[in-house]
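# Examining the three-dimensional arrangement
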Amino acid sequence: MAQFTTLTSHAVPLPEENVDTDQIIPARFLKVTDKHGLGDSLFCDWRYLKDGSNNPDFVLNQAASQGAQILLAGNNFGSGSSREHAPWALVGWGFRAIISTGFADIFKSNSLKNGLLPVEVSEAVYKRLMEAVQLDRSTEITIDLQSQSVTALDGLETTFPIDAFSKHCLLEGIDQLGYLLSFDDQITRHEQQRT
Amino acid sequence: MEPRTLFQKVWDARVVVEEPDRPAVLYIDLHLIHEVTSPQAFTGLRERGLRVRRPEKTIATMDHSTPTLPKALWVIDDQAKAQLAQLESNCKEFGIELYALGDSRNGIVHVIGPERGFTQPGKTIVCGDSHTSTHGAFGALAFGIGTSEVEHVLATQCLLQRKAKTLEVRVEGQLMPAVTAKDIILALCAEIGTGGGTGYVIEFTGSAIRALDMEGRMTVCNMSIEAGARAGMIGPDETTFEYLKGRDHVPQGADWDAAVERWIQLRTDEGATFDKTVVIDANKLEPMITYGTNPGMGMQISEPMPTMDRFEDASQRAAFEKAMGYMDLQPGQRLLGKKIDVVFIGSCTNSRISDLRMAAGVFSGRKVADGVRTLVVPGSHDIKKQAEAEGLDRIFEEAGAEWREPGCSMCIAMNGDNLEPGQYAVSTSNRNFEGRQGKGGRTFLASPLTAAASAVRGEVTDPRTLLLS
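Scope of this entry: the structure provided in the associated data block. Everything quoted here is computed from the prediction, not taken from an experiment.

The next subject is the overall build of chain A. Looking only at helices and strands, chain A has 8 helices and 7 strands in total. Its C-alpha atoms give chain A a radius of gyration of 18 Å, near enough to 16 Å, the size a compact globule of 195 residues would have. C-alpha extents for chain A along the principal axes are approximately 60 × 45 × 25 Å. Residues counted as buried form 60% of the 195 residues belonging to chain A. Relative to all contacts within chain A whose residues are 6 or more apart in sequence, the contacts with residues 24 or more apart total 65%. As displayed, chain A has an accessible area near 7700 Å², and 46% of this comes from carbon and sulfur atoms.

Below you can see the structure in the form of structure tokens.
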């Protein structure tokens with residue numbers, strides 16, 4: 001898994017609540033057998049017009065969004081299905097972090113396994129960031145995982161929660177399966193005792 | 001010992017390692033896989049040179065991308081064909097039992113688990129599919145996982161898990177005629193919103209839940225995820241045991257009696273506490289329908305849609321306005337009488353025999369309205385056989401509905417069954433997100449009774465006007 005230490009980037013503002021996984025990547029793109037190459041299908045039905053050309057009104061297509069690694073999105077981001085294709089598509093486009101006031105459980109869990117950091121901030125911080133980013137799309141936001149902090153603008157600084165284990169895995173780029181495999185003996189004992 | 005909840009008991013029995021500041025290692029009793037969310041997990045295993053630890057604890061089916069047109073074992077396109085072929089070769093290589101397309105045991109993953117008796121009280125059950133919550137109806141701890149976690153379970157039969165908080169949803173009272181399990185869960189979604197259960201495992205309790213049969217309970221637990229909760233559970237009781245007894249994979253004879261003794265103990269102890277409780281008065285429930293683009297945007301079918309001033313928060317107002325725009329509906333109006341194009345009866349929420357019987361009860365002696373396309377899609381081959389034995393297929397076909405092969409069908413719209421842009425559908429499935437049933441399609445979620453009544457009238461219809469008049 002890709003390491004995550006610190007990130008400074010401009011952000012893509014998506015001020016919508018309850019963005020579901022069917023919007024992040026519609027089901028018709030789930031017939032793939034690979035996890036790579038899904039970035040082009042990210043937000044597909046919002047991003048492209050009927051003829052397949054870019055929808056100029058959608059934020060991801062705007063020049064100011066190019067190169068951004070942070071998505072700033074409304075509450076309850078990633079609700080809906082368990083498809084890991086959602087974080088794969090976000091990472092495929094180039095995002096490394098999402099700032100929101102809340103994330104759906106399965107989406108959050110999937111993101112943490114793909115080096116995509118869900119950053120949960122208060123409503124007040126979210127509103128301030130959204131206002132600033134919409135006003136000036138070059139506004140840079142810094143996310144530091146070690147100190148669990150978000151800094152931006154003049155003096156905006158806040159912390160975000162993350163469990164110690166996920167933090168450790170992201171900082172070191174450690175894959176969780178390796179850790180799980182280290183419990184082989186305990187798992188065997190559990191199987192002998194209970195199943 | 002402290003009184004414990006059902007969730008706590010299942011958790012305690014399946015925790016392999018639990019240390020502070022780390023996720024617990026949770027043992028998984030049953031792993032269900034399908035074509036869409038498993039290929040990358042098997043690729044991961046191969047890349048690491050790992051085997052499947054307990055292949056007999058994983059069961060595979062094909063359901064998401066498989067077409068449901070009668071009597072044709074075909075595939076939708078080359079990509080789907082390759083994905084199905086990969087599932088087949090993965091199962092063969094790693095020794096996993098597969099209920100492939102054409103197998104008489106094939107069907108929707110959350111339908112066949114209970115049907116074949118794999119789903120049992122006290123089990124931990126996972127699948128790369130968010131509607132795994134369905135299996136919680138049996139008192140199992142069952143939840144959806146991502147593909148990385150599918151790989152974890154294949155390799156170790158375990159998952160790293162943080163313990164969820166507990167939410168009791170107590171539904172007391174007696175449902176009125178034509179009000180169903182689907183209406184209970186749609187009412188919960190409308191009450192707490194699609195993020196309301198985030199971080200929680202729900203336990204459904206109360207007299208109205210006890211009174212439901214297992215299929216109704218599965219409908220309720222199925223849509224726990226639509227209320228934001230990864231899992232929904234119901235304490236096992238006589239209804240549970242009655243359903244399970246004699247099924248393929250449940251214990252038999254003396255083992256059965258011992259299992260029932262164990263399962264009864266799983267019920268939440270008197271005095272156990274939940275982190276939060278929501279109470280729903282079953283006596284006051286009416287048939288529900290959604291009007292917007294997430295399952296929380298629902299109302300009683302006789303009500304008008306909300307108006308803008310009902311939303312205090314600016315972002316909620318914006319979300320409502322966007323939903324109204326997508327649905328091309330006017331705030332404050334009623335949905336009753338709204339012309340529809342399609343009716344879909346099926347999905348892991350409502351494709352079981354009792355759902356089909358409900359729909360057939362409405363269709364019997366009636367016709368689908370002109371210009372309405374109606375699909376009835378059984379959840380499995382067993383259900384299809386049962387329905388045909390009861391003559392339900394003839395009722396559907398005589399009414400002018402299409403009687404299909406089992407599969408996810410128009411719930412996921414990646415298999416040839418989908419809405420056209422702009423069409424309106426009343427669907428018994430679980431999600432009304434933008435484009436969920438086909439790009440540009442518009443979905444009203446409702447019960448099988450409401451869906452069938454709407455098919456007959458060609459417009460959104462309160463089933464009571466057909467059934468109780």
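This is not the end of the story, as more comes after the structure.
Right, let's talk about helix α12 (residues 353–363) of chain B for a bit. With 8 of 11 residues buried, α12(B) is to be regarded as a mostly interior element. Among all positions of α12(B), only B:Ile353, B:Ser354, B:Asp355, B:Leu356, B:Ala359, B:Ala360, B:Val362 and B:Phe363 are buried.

Moving on, we come to the interface of chain A and chain B. As a measure of interface size, the accessible area lost when the parts come together is often cited. In this assembly, 51 residues from chain A lie in contact with 66 residues from chain B. Across the chain A/chain B interface, buried area totals approximately 4900 Å², and carbon plus sulfur atoms make up 55% of it. Note that A:Glu191 and B:Arg54 form a salt bridge whose closest N and O atoms lie 3.0 Å from each other. Counting every contact that joins chain A to chain B gives 30 residue pairs in polar contact (both at pLDDT 80 or more). At the level of elements, α1 (21–24), α2 (44–47), α3 (85–93), α4 (105–112), α6 (164–172), α7 (176–181) and α8 (184–194) of chain A are the ones that each hand at least two residues to the side of chain A that touches chain B. For the side of chain A that touches chain B, the element with the most residues is α8(A), which contributes 7 residues.

Moving on: empty space enclosed by the protein. If a probe the size of a water molecule is rolled over the atoms, the empty space left behind becomes visible. Summed over all chains, the structure comprises 4 cavities of 30 Å³ or more. B:His64, B:Asp129, B:His131, B:Ile412 and B:Arg436 are, among the 22 residues lining the largest cavity, the residues nearest its centre. Taken as a whole, the second largest cavity holds about 170 Å³ of empty space. Surrounding the second largest cavity, 15 residues form its lining, A:Glu16, A:Glu17, A:Asn18, B:Thr293 and B:Glu434 being those nearest its centre. With 3 residues, helix α11 (residues 314–327) of chain B is the single largest residue contributor to the lining of the second largest cavity. Looking at the lining of the second largest cavity, its residues break down into 6 nonpolar, 4 polar and 5 charged.

Take the pairing of strand β6 (residues 124–127) of chain B next. All names here are of chain B. Where burial is concerned, the two faces of β6 agree: the one with Thr-124 and Val-126 and the one with Ile-125 and Cys-127 are both buried. Of the strand pairs in this sheet, strand β3 (residues 30–33) and β6 are connected by 3 bridges, and their pairing is parallel. By the bridge assignment for β6, Leu-30 is matched with Ile-125. As defined by bridge partners, β6 adjoins strand β7 (residues 141–144) across 4 bridges and the pair is classed as parallel. Within β7, the position partnered with Cys-127 by the bridge is Gly-144.

Before going further, it helps to examine the side chain of B:His135. Residue and element names in this part refer to chain B. If you trace the backbone, His-135 turns up in the loop between β6 and β7. Within the structure, the side chain of His-135 is placed 2.8 Å from the side chain of Thr-119, a separation counted as a polar contact. Among all residues touching His-135, those that are not within four sequence positions of it are Leu-32, Val-109, His-110, Gly-113, Pro-114, Thr-119, Ile-125, Ala-140 and Ala-142.

Here the focus is the packing of aromatic side chains. Residue and element names in this part refer to chain B. The final tally for this structure, using the stated rule, is 17 aromatic pairs over all chains. Between Phe-42 and Phe-94, the aromatic rings sit 5.4 Å apart at their centres with planes inclined by 35°, giving tilted as the arrangement. Of this pair, Phe-42 sits in helix α2 (residues 39–48) while Phe-94 is found in helix α3 (residues 78–94), placing the two residues 52 residues apart along the sequence. The same class applies to Phe-42 and to Phe-94, which are both buried. Between the aromatic rings of Phe-138 and Tyr-243, the centroid separation amounts to 5.3 Å while the plane-to-plane angle is 65°, which identifies the pairing as edge-to-face.

Let us look at the pattern of salt bridges. Two side chains that carry opposite charge are able to pair once their charged atoms sit near each other. Enumeration according to the criterion identifies 41 salt bridges over all chains in this entry. B:Arg217 is the partner of B:Asp237 in a salt bridge, and the nearest nitrogen-oxygen pair spans 2.8 Å. In this pair, B:Asp237 is assigned in the loop between β11 (231–233) and α9 (238–244) and B:Arg217 in helix α8 (residues 214–222), connecting sequence segments 20 residues apart. The exposure classification of B:Asp237 matches that of B:Arg217, with both residues buried. Note that B:Arg404 and B:Asp417 form a salt bridge whose closest N and O atoms lie 3.3 Å from each other. Of the two residues, B:Arg404 sits in the loop between β17 (402–403) and β18 (424–427) while B:Asp417 sits in the loop between β17 and β18, which places them 13 residues apart along the sequence. Here the salt bridges do not stand alone but share partners, grouping A:Asp184, A:Glu191, B:Arg53, B:Arg54 and B:Glu56 into one network.

The next thing to look at is the environment of B:Gly44. Inspection of the secondary structure puts B:Gly44 in helix α2. Note: C-alpha distance between B:Gly44 and B:Ala155 (111 residues apart in sequence) is 9.8 Å.

Before going further, it helps to spend a moment on the sheet that holds β3(B). All names here are of chain B. Strand order in the open sheet formed by 5 strands is β5-β4-β3-β6-β7, and the pairing between neighbours is parallel. Of all the strands in the sheet, just β5 (97–99) and β7 have a single pairing partner and so form its edges. Taken pair by pair, the neighbouring strands of this sheet meet at an average axis angle of 20°, ignoring direction.

A separate point is the packing of α12(B) against helix α15 (residues 448–457) of chain B. Residues and elements named next belong to chain B. It is at 8 Å that the axes of α12 and α15 come closest, and there the two elements cross at 30°. Classed by the angle they form, the pair α12 and α15 counts as roughly parallel. Crossing of α12 against α15: the hand is right-handed. Note on element contacts: α15 touches α12 through Pro-448, Leu-449, Ala-452, Ala-453, Ala-455 and Val-456, opposite Asp-355, Met-358, Ala-359, Val-362 and Phe-363. In terms of residue class, the contact of α12 with α15 is built from 10 nonpolar, no polar and 1 charged.

This part takes up helix α13 (residues 381–389) of chain B. Residue and element names in this part refer to chain B. Inspection of α13 places His-381, Ile-383, Lys-384 and Ala-387 among the buried residues, and these make up the whole buried set. End-on, the buried residues of α13 take up no more than an arc of 160°, which puts them together on one face. Contact partners of the buried residues in α13: α4 (109–115), α12, α14 (392–399) and β17. Between a side-chain oxygen at the N-terminus of α13 and the backbone nitrogen of Asp-382 the separation is 3.4 Å; the capping residue is Ser-380. Looking one or two residues beyond α13, the residue adopting positive phi is Gly-391, at roughly 80°.

Right, let's talk about the sheet that holds strand β16 (residues 373–376) of chain B for a bit. Residue and element names in this part refer to chain B. With parallel pairing, 5 strands are arranged side by side in an open sheet as β17-β16-β15-β18-β19. Each of the sheet's edge strands pairs with one partner strand only, and the pair in question is β17 and β19 (442–445). As paired strands, strand β15 (residues 342–345) and β16 are joined by 4 bridges and run parallel to one another. Pairing of Val-343 across the sheet is with Thr-374, part of β16.

Here is what the cut-offs are and how they apply
- Residues numbered from 1 in each chain as written.
- Chains lettered and ligands numbered in written order.
- Predicted model: local features only at pLDDT ≥ 70, side-chain atom pairs only at ≥ 80, totals over all residues.
- Heavy atoms only, no water.
- Helix = DSSP H or I, 4+ residues; strand = E, 2+ residues; numbered from the N terminus.
- Rg over C-alpha atoms; globule rule 2.2 N^0.38 Å.
- Buried < 20%, exposed > 50% of the residue type's maximum accessible area, 1.4 Å probe, protein only.
- Contact = heavy atoms within 4.5 Å.
- Areas by Shrake-Rupley, 256 points an atom, 1.4 Å probe, with all protein chains shown as cover.
- Buried area = accessible area lost by both parts, 1.4 Å probe.
- Salt bridge = Lys/Arg side-chain N within 4 Å of Asp/Glu carboxyl O.
- Polar contact = N/O pair within 3.5 Å; in protein donor to acceptor, adjacent residues only side chain to side chain.
- 1 Å grid on protein atoms, 1.4 Å probe; cavity = no way out; pocket = protein on both sides within 12 Å on 5 of 7 lines; lining within 4 Å.
- Points joined across faces, edges and corners; volume = space filled by probe spheres on them.
- Nonpolar A, V, L, I, M, F, W, Y, C, P; charged D, E, K, R; others polar.
- Pairing = 2+ DSSP bridges.
- Phe/Tyr/Trp six-rings, centres within 6.5 Å; stacked < 30°, edge-to-face > 60°.
- Axes fitted to C-alpha atoms, helices over the stretch in contact; angles between N-to-C directions.
- Parallel < 35°, antiparallel > 145°, perpendicular 65-115°, else oblique.
- Left-handed = near helix turned anticlockwise from the far one by under 90°.
- Arc of directions from axis to C-beta.

Interpretation note: all reported values are geometric properties and have no functional meaning in isolation.
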